[in-house]
Each structure stands twice: as C-alpha cells, then as structure tokens.
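Residues per chain, in single letters:
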Amino acid sequence: MRRALCPGFLNLQLRHCYLRMEEDTDFRIRFSSLGFITDHIGFRGTIKSSPSDFVVIEIDEQGQLVNKSTSGLINKVLPEPNNFAKKTKLDFQNISCQEGSNQEVNTFTKCSDDDQNHQSGSEKEDTINDGTSKGEEEKVHVLGNLLDEKTNDLLTHFAFDIKEKWNSKTELIGSSPEFSLGRILDKNQRAILHSAVRQKFPFLITVGKNSEIVVKPNLEYKELCHLVSEEEALDFFKYLDAKKENSKFTFKPDMNKDHRKAVHHFVNKKFGNLVETKSFPELNYNAANPNIAITVRFREKKHKHRKRSLFECQDQKVIYTAFTLRKENLEMFEALGFLAIKLGVIPSDFSYAGLKDKKAITYQAMVVRKVSPERLKNIEKEIEKKRMNVFNIRSVGDSLRLGQLKGNHFDIIIRNVRNQINDSTNLRERILEAIENVKNKGFVNYYGPQRFGMGRKVHTDQIGLALLKSEMVKAVKLFLTPEDLDDPVNRAKKYFLQTEDAKGTLSLMPEFKVRERALLESLHRFGMTEEGCIQAWFSFPHSMRIFYIHAYSSKIWNEAVSYRLSTYGSRVVEGDLVCLDEDIDDEHFPSSKVHLVTEEEESASTYAIHQVVLPVLGYNIQYPKNKVGQWYQDTLSRDGLQTCRFKVPTLKLNVPGCYRQILKHPHNVSYQLMEEHDTDVKTEGSHIDETTLSLQISFDLDASCYATVCLREIMKHDF
C-alpha cells in the first residue's frame, strides 16, 4: 500500500523568493525549487536584519557551548619553547625518523615568528663558516664510521674538485662526473650515509642504484648560487635535506623586487612540491628602507605512523593553543587571514571544527599551531577593531579537525513576522503550528545557500567544478570575477579580468582582502598559465582549496535529495541507502553502517524515511540502486565528470565522500513572540504607531545542519 505524499512534495513548492535576491536569478530559482517535508502553511518574516539577530554558538563534543568558561578544562599556560635547544646526538638505532624539532633554521635574519630574536648564523651550531662547526664534525664522524679511510678521502677530493671547477668558472665537460661510495647492504646505513654526504657537501647529491650510492654535482645548487650567496645556498640545501617538520629557512633581506621574484620562481619551480615561499618585511621595516626577506617552509603532509626515538618525539613537540573566536559580520577566511598576519603564521596553521556564517555573531572553537597562549593574548586589543575577540585561551595537545563538534546552538530573531499572502488565519496559531510540525517531522537537510555564495555572480560550486575538471585558469578567473558594484575590490577584479595584470591588480586590491592578494601575488610570481594557476591555488590552505570541491558536491546532493523526494516521497524503497546506526549525528560514518534496502524490506516497511541517506560525492561511496543512482550518473555526465575519481593530484586534493541523512530535527526548541512599536511621523504634529511582531527562536542542530534551512521549512519561505 503506497503512503500518500505530503501535498508540499507533489509540486516541490515551486515558489520563488523575493527577498533581496533579484540580482541572482539562477541562485533564486535553484533554492526556491527545493522541497519541503511538512505541509503547514507557514508565515513570512525577515532574518539577519543585523548580525545580532543571528547568533551561532558551537557545541563541542562534550555538549558544552564554547562561549562558556573553560574552567573545567586544563587551563595551564605553558611557557614559550626554548628555541635554542641543542639537537640530540645521532641515534643509529632510531634513525628512521629524520624530521627534527620545531627549531627554525633562520640563519640570516631576525624572525618575527616569535616575540624573541633568534641567534644569527655565526652563533648557531649547524651553520657552515670558515672553521669546522660541531654539525660538520658530527657528519665527519658518521662518514668515518661508514666509509673506509680511502673512500672517505676520495669523496673529499671529488667534492673539492667539483667546487674548484665551479669557482674557476670551468664548465664540466661531457656527462656529469660521478663518484661511487660502493654498495651498502644495510638500508638504515644507506639512509644515514645519504644524509651525511648531503649535509657535509650540500653542493653534491646522492643517488641510489641497487644498494650502491653514487655521488654527483648538485646542479641546482650551482644555479641557486647565481641568485644568492654561496653561504645562503649551502645552508638552504642543508635545510632542505634535513626535512625538519615545521621548520623554516629565511634568505637574506633583499630590496630588489625582481631579484626576490627570481628566487621565488627558482625555489617553487625546483622544489614546489616540497616547500612553499612567502615574503615578509623585516621587523624594522620602513617605507624608505623596504627590506623584505623570503621565508621557505615545508608544505603540510600527512604523518606516517612509524617508530621514533623518545628524544625525537620530544624534539618534535609542536605548540598548540586553543581558544574561542567570537566574530561579528566577518567572513571566516577573512578573519583567519587577519589573525595569521598579526601572529606571524599562515592561515593553514589554524584548525577549526566547522565554518560559520558571515552576517551573524558567531562563537567557535579554534586551535592555532606554533603560537603560545601569551602571544595570542598580546593581540586581543588589536583584533577588537576587526570585530573579533578571543578568549578561553589555553594550551592543548593537538589541532582540531572538521566535524569535531556536536553541533551548533542558534539564537535568532525573525522580524516583521506576518501571514503568508491571502492567509487570514491567526498569526500566532500559524507560528505555533509551523514550529511544532518541524519539531515532530523534521526538515529536509539541504546545504544552506551561504555554502554557495548567496547573491554573488559566481558561486563556490562553479569554482569547485572547474577544479575537479582541472580547469585551473578558469577557476582563478571565476574566483576573481567582480560583482556589479563600484568599490575598490570589484574595480580591482574587473581590471584583472580585462588585463590579467596581477602586479597592477595587487596595487588596486585592498589590504584586507587576504585571499585575493595571496592569489594575485602567486600569479604575479608564476604567471597566468595553467602551471602558474596551480601554484596560485597553493597560496590557499588545504581547507580552503577543498572547500570549493565540497561546495560542488553539496550542490549535487541538494539536487539529488529533491529528486529522491519528488520521485519516491516519504516511502523507503528498494535500492535506497539507509543508516543502520540510530545514534549517528554527523556525516562521517563508515560505509559499513550503510545498508542497501531490499525488495522484501520495502514490502515490510522495515525502515523509516529519517534513516535514508544519500551519498555526498567522492571516490569511496556507493550510489543508491534505483532511479536516484541513475540520476547521479546522468548528472555527473551532464557536468563532464563521468570519469572523475574525485582526486585533484596537482592540488593535493582527495575527496573520499560521505553520506548525509535526508531529514534532520531541531533540538531544544524554544520561542517567544515579541511586539515592536514603530512610530512613523506623517505630518507635523501627527504620527501613526505601527505594531509589528518579532519571533525570538532558539534551537540546537547537529553538525553540518543549517539554521536557514530549518527556518525555511518552518516558515515555508525562501531566503
């Protein structure tokens, strides 16, 4: 027996939204065509009249609001790390992990990454100078242990011979000279020897051939010596070989912008997969003496599980400082960019559990790496000017990950509440009916319009589609597409699309547009080519690059759930996917929890509609085995993704996908109607009092649910 569908689903409520979205017709149509699960009439009203009308407070995994005091947590403030701690002796038993401490290799300049100055190059243990440093002695000792005296001497002569030819400007004739160190059967000893040779002689490289180690001239070292001093080149290649996680290397300050550009280009062209470069002014920077230094840093990488010595684990300890961020009417990525500048780190050093609205007052948990609690407290006054506050500052042991929250609490005021057109029923009854209906039946769990850039010419999902199709130049142009507004930001974007002059656009782009400026700086450095645009996307942290891919996946999911509900309604049918775990409250549950509904289970009505899930696109998901599964395939073909594996190797993006419940319920709902009196002065000496109603409503939603979507179901009104 087929159960009747809600009337609201039969026509999918194809009403259009008239709330200040006339400039975005495609977006308006897209969202006004989404469906409803409930069948009440609803009411009209205005949300987000001001940021204070929409307050979002994150709920942590323990169920606590993050704007509350963390007195129950460990609040002990750790002292600043000792940046000058000596390195541990070489440990032959535990050599498998080569990454060292968080100590910076910052040989030539003072570093703004801490509130204290680092030692100069001549004071540091591992810097090559006219004498033999302790670090060099250590390498000599290693080479002496692993090589016989004759081979060691021949290696030294080979190295000096290469250096002599380079210094005399004599070109190496024929093929590149080689020197064999012989066969080393022990794998660990080979690894130690590779590192020892490159550390003692950075102008040489080592190559493995069937357990044999062959030494050759490092032609990239020679090329770099044409751009920087030999001392800098030596230390740069020692830094590169050491591969110390979270370490940095800084070249000497440089007033010549074209020269800096050449150094940027060399490092990124040769080692762009391993490191990234940034330019920072000296601490004593002034306009008359604009000395700027290039800092090199290893790119983020996933940690491999392997055994480490106790000393290495202690050496690798990174500072993590947790805090609650309050922001008002500020986009989250803009907030992170501003914080990064003030703290001397990069945006990818921040981790968070979820994205938050712009036009709102939001509270969320954050963790920043390599910044102590004291340093964070020092910028409290400065960031208040940007409508940000930080509190609950404390030391923690690790970063946050996306989805690491229980949900969000919302305190919302809906102003100018009134009946739907041609509805004469008592408004209070309509409001009560609507809220109770959604409390009991839930709402369709659509991704909200803010995920896609509501009201903008280019939506985030369009950028995501271009990235998935590896159309890097197109994605950059979409990102820099201007709105029809005459302000500095949009004038700069318009200039770029007309000229592709990244340097000129940078001079026009306001300083506060951190993302746009980062992209433009990379384009200026690498050019508006496919490869240049790939490098430009790396100026964004991984979380932002993958955000655009997720936006496309979210758009497809919204369309899929509308198709699913219009095709099958609230029945659970054969081929549907259901979640077997009743306690799941987020999208990150394993495929083992997902079950394919059989014909027998459909007949027996084994499952309810609230258990149905649909896949969010990725390489590790299964599709429904009914009309919805075919719809996914047809839609991917429509968008040119029929062979897409949801991996973008050039941008280091892998999207495994997940499953999302099609219905959700609000929790802890409370509400109150309030009267507001507006006085409208018509003529001198007379006025009219108008009373309007506002609805104050509070509720909790699970992670990754949108309050605007819940309100849309309650009000039957598009925003």
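Parameters at a glance
Residues numbered from 1 in each chain as written. Predicted model: local features only at pLDDT ≥ 70, side-chain atom pairs only at ≥ 80, totals over all residues. Heavy atoms only, no water. UniProt positions renumbered as here; feature names shortened; annotations may be inferred. Salt bridge = Lys/Arg side-chain N within 4 Å of Asp/Glu carboxyl O. Helix = DSSP H or I, 4+ residues; strand = E, 2+ residues; numbered from the N terminus. Buried < 20%, exposed > 50% of the residue type's maximum accessible area, 1.4 Å probe, protein only. Pairing = 2+ DSSP bridges. pLDDT = per-residue confidence, 0-100. Contact = heavy atoms within 4.5 Å. Axes fitted to C-alpha atoms, helices over the stretch in contact; angles between N-to-C directions. Parallel < 35°, antiparallel > 145°, perpendicular 65-115°, else oblique. Left-handed = near helix turned anticlockwise from the far one by under 90°. Core = buried A, V, L, I, M, F, W, Y, C linked by side-chain atoms within 4.5 Å. Expected span 1.5 Å × (residues − 1). Bend = angle between axes of the 7 residues up to and from the residue.

As annotated in an unreviewed UniProt entry, the chain carries the name Pseudouridylate synthase PUS7L and comes from Canis lupus dingo. In its Sequence similarities (unreviewed entry) section, UniProt records this for the chain: "Belongs to the pseudouridine synthase TruD family." As recorded by UniProt, the Catalytic activity (unreviewed entry) comment attached to the chain reads in full: "a uridine in mRNA = a pseudouridine in mRNA".

Okay, the pattern of salt bridges next. The final tally for this structure, using the stated rule, is 35 salt bridges. A salt bridge links Arg 299 to Glu 276; the shortest N-O distance between them is 3.4 Å. Residue Arg 299 is found in the loop between strand 8 (292–298) and helix 9 (310–315), and its partner Glu 276 is found in strand 7 (residues 275–281); the two are separated by 23 residues along the sequence. Using a relative accessible area of 12% as the deciding quantity, one classes Arg 299 as buried. The residue Asp 486 makes a salt bridge to Arg 491 at a minimum N-O spacing of 2.9 Å. On the basis of relative accessibility, which here comes to 66%, the residue Asp 486 falls in the exposed class. Through salt bridges with shared partners, one network takes in Arg 297, Asp 349, Arg 369 and Lys 370.

Attention now goes to the pairing of strand 11 (residues 361–369). The buried fraction of strand 11 amounts to 9 of the 9 residues, a majority that puts the element mostly inside the structure. The alternating pattern of strand 11 places Ile 361, Tyr 363, Ala 365, Val 367 and Arg 369 on one face and Thr 362, Gln 364, Met 366 and Val 368 on the opposite face, and all of these are buried. Where strand 2 (residues 54–59) and strand 11 come together, 3 bridges link them in parallel fashion. Paired with Ile 57 across the strands is Tyr 363, a residue of strand 11. Pairing between strand 9 (residues 320–328) and strand 11: 9 bridges, direction antiparallel. Across the sheet, residue Arg 326 finds its bridge partner in strand 11, namely Tyr 363. Pairing between strand 10 (residues 350–352) and strand 11: 3 bridges, direction antiparallel. Across the sheet, the residue bridging to Ser 351 is Val 367, located in strand 11.

Here the focus is the confidence of the model for the chain. Summing up the model confidence of the chain, the mean pLDDT is 80 and the portion of residues at 70 or higher is 77%. Overall, residues 1–25 carries pLDDT values under 50, and its contacts beyond four positions in sequence, including any with other chains, amount to 56 contacts. Note that pLDDT drops below 50 for residues 303–315; the model gives that stretch 17 contacts with residues more than four away or on any other chain.

At a minimum axis distance of 10 Å, the contact between helix 20 (residues 542–568) and helix 22 (residues 627–638) shows a crossing angle of 140 degrees. The orientation of helix 20 relative to helix 22 falls into the category oblique. Seen from above, helix 20 lies across helix 22 with right-handed handedness. Along its contact with helix 20, which presents Tyr 552, Lys 555, Ile 556, Trp 557, Glu 559, Ala 560, Tyr 563, Arg 564, Thr 567 and Tyr 568, the element helix 22 presents Lys 627, Val 628, Trp 631, Tyr 632, Thr 635, Leu 636 and Arg 638.

If you look at the biggest cluster of nonpolar residues, it comprises 129 residues, and the most contacted ones within it are Leu 523 and Trp 537. Among the elements that take part in this core, helix 20 stands out by supplying 12 residues, more than any other. With near-sequence residues (within four places) excluded, Leu 523 lies in contact with Val 476, Leu 480, Phe 496, Ala 502, Met 528, Gly 532, Cys 533 and Ala 536.

Let us look at helix 20. Spanning 27 residues, helix 20 covers 38 Å between terminal C-alpha atoms, matching the ideal 39 Å at 1.5 Å per step. In helix 20, a bend of some 25 degrees at Tyr 548 exceeds every other bend along the element. Taking burial as the measure, the 27 residues of helix 20 include 20 buried ones, the bulk of the element. Phi turns positive, to about 65 degrees, at Gly 569, one or two residues after helix 20.

Attention now goes to the environment of Asn 437. Note on placement: Asn 437 falls in helix 13 (residues 427–441). With 397 residues separating them in the primary sequence, Asn 437 and His 40 have C-alpha atoms 7.4 Å apart. In this view, Asn 437 contacts Thr 38, Asp 39, His 40 and Gly 442; residues no more than four positions away in its chain are not counted.

Attention shifts here to the sheet that holds strand 3 (residues 179–183). Reading across the sheet, the 3 strands line up as 3-5-4 and stay open at both edges, with antiparallel pairing between neighbours. Where the open sheet ends on each side, the last strands, each with one partner, are strand 3 and strand 4 (204–209). Here the average twist between neighbouring strands, direction ignored, is 20 degrees. Of the strand pairs in this sheet, strand 3 and strand 5 (residues 212–217) are connected by 3 bridges, and their pairing is antiparallel. Each residue of the ladder has a partner; that of Ser 180, found in strand 5, is Val 214. Strands in contact with helix 4 (residues 149–167) are strand 3, strand 4 and strand 5; relative to strand 3, the strand with the most contacts, it is inclined by about 155 degrees.

It is worth spelling out the side chain of Ser 522 at this point. In this structure, Ser 522 sits in helix 18 (residues 514–526). Ignoring anything within four residues of it in the chain, the contact list for Ser 522 reads Gly 527, Gln 535, Ala 536 and Ser 539.

The next thing to look at is the sheet that holds strand 7. An order of 6-8-7 is seen for the 3 strands of this open sheet, with the pairing classed as antiparallel. Of all strands in the sheet, those bounded by a partner on one side alone are strand 6 (248–250) and strand 7. Here the strands of the sheet are splayed against their neighbours by 25 degrees on average, with no regard to which way each runs. Note that strand 6 and strand 8 share 3 bridges and pair antiparallel. In the sheet register, Lys 248 faces strand 8, and the bridge partner there is Arg 297. This element, helix 8 (residues 257–271), spans strand 7 and strand 8 of the sheet and lies at about 160 degrees to strand 7.

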